[in-house]
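A structural walkthrough
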Amino acid sequence: MLWVKCIADSYSKFEGSKLVKFDQRDLGAKGYYQVPNGVTEIGSYAFSNASKLKFVVLGDDVKAINKYAFARSSTKAV
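Residues numbered from 1 in each chain as written. Predicted model: local features only at pLDDT ≥ 70, side-chain atom pairs only at ≥ 80, totals over all residues. Heavy atoms only, no water.

Inspection of the secondary structure puts Ser12 in the segment before strand E1 (13–15). On the basis of relative accessible area, Ser12 is assigned to the buried category, the value being 7%. One polar contact links the side chain of Ser12 to the main-chain amide nitrogen of Asp23, over a distance of 2.8 Å. (Helix = DSSP H or I, 4+ residues; strand = E, 2+ residues; numbered from the N terminus. Buried < 20%, exposed > 50% of the residue type's maximum accessible area, 1.4 Å probe, protein only. Polar contact = N/O pair within 3.5 Å; in protein donor to acceptor, adjacent residues only side chain to side chain.)

Encoded structure:
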């Protein structure tokens with residue numbers, strides 16, 4: 001089961017509704033990350049160098065994923 005974390009409880013960096021930089025302290029069990037509700041954009045290099053991240057679950061609010069958002073990460077699926 002995935003858990004949902006709100007932006008206010010997150011270690012990751014946000015600018016409004018944009019996820020700017022993912023922080024691995026926000027990882028759930030087994031390397032999952034649920035993008036919080038209300039996030040509409042994933043920034044360039046937001047998940048770069050995320051060595052423990054395996055899967056990202058995007059919510060219905062995400063409308064844009066910028067170039068290189070997952071550069072040099074260990075992500076297997078989005």
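From this point on, the discussion continues.
Our focus in this paragraph is the pattern of salt bridges. Side-chain pairs of opposite charge can arise whenever the charged atoms involved come near each other. Applying the stated criterion to the full structure yields two salt bridges. Between Glu41 and Lys18 there is a salt bridge, with its nearest N and O atoms 4.0 Å apart. Of this pair, Glu41 sits in strand E4 (residues 41–42) while Lys18 sits in strand E2 (residues 18–21); the two residues are 23 residues apart in sequence, bridging distant segments of the chain. The exposure class of Glu41 is partly exposed, given its relative accessible area of 25%. Salt-bridge contacts for Arg25 lead to Asp23; the nearest nitrogen and oxygen are separated by 2.9 Å. Since its relative accessible area comes to 18%, Asp23 is described here as buried. (Salt bridge = Lys/Arg side-chain N within 4 Å of Asp/Glu carboxyl O.)

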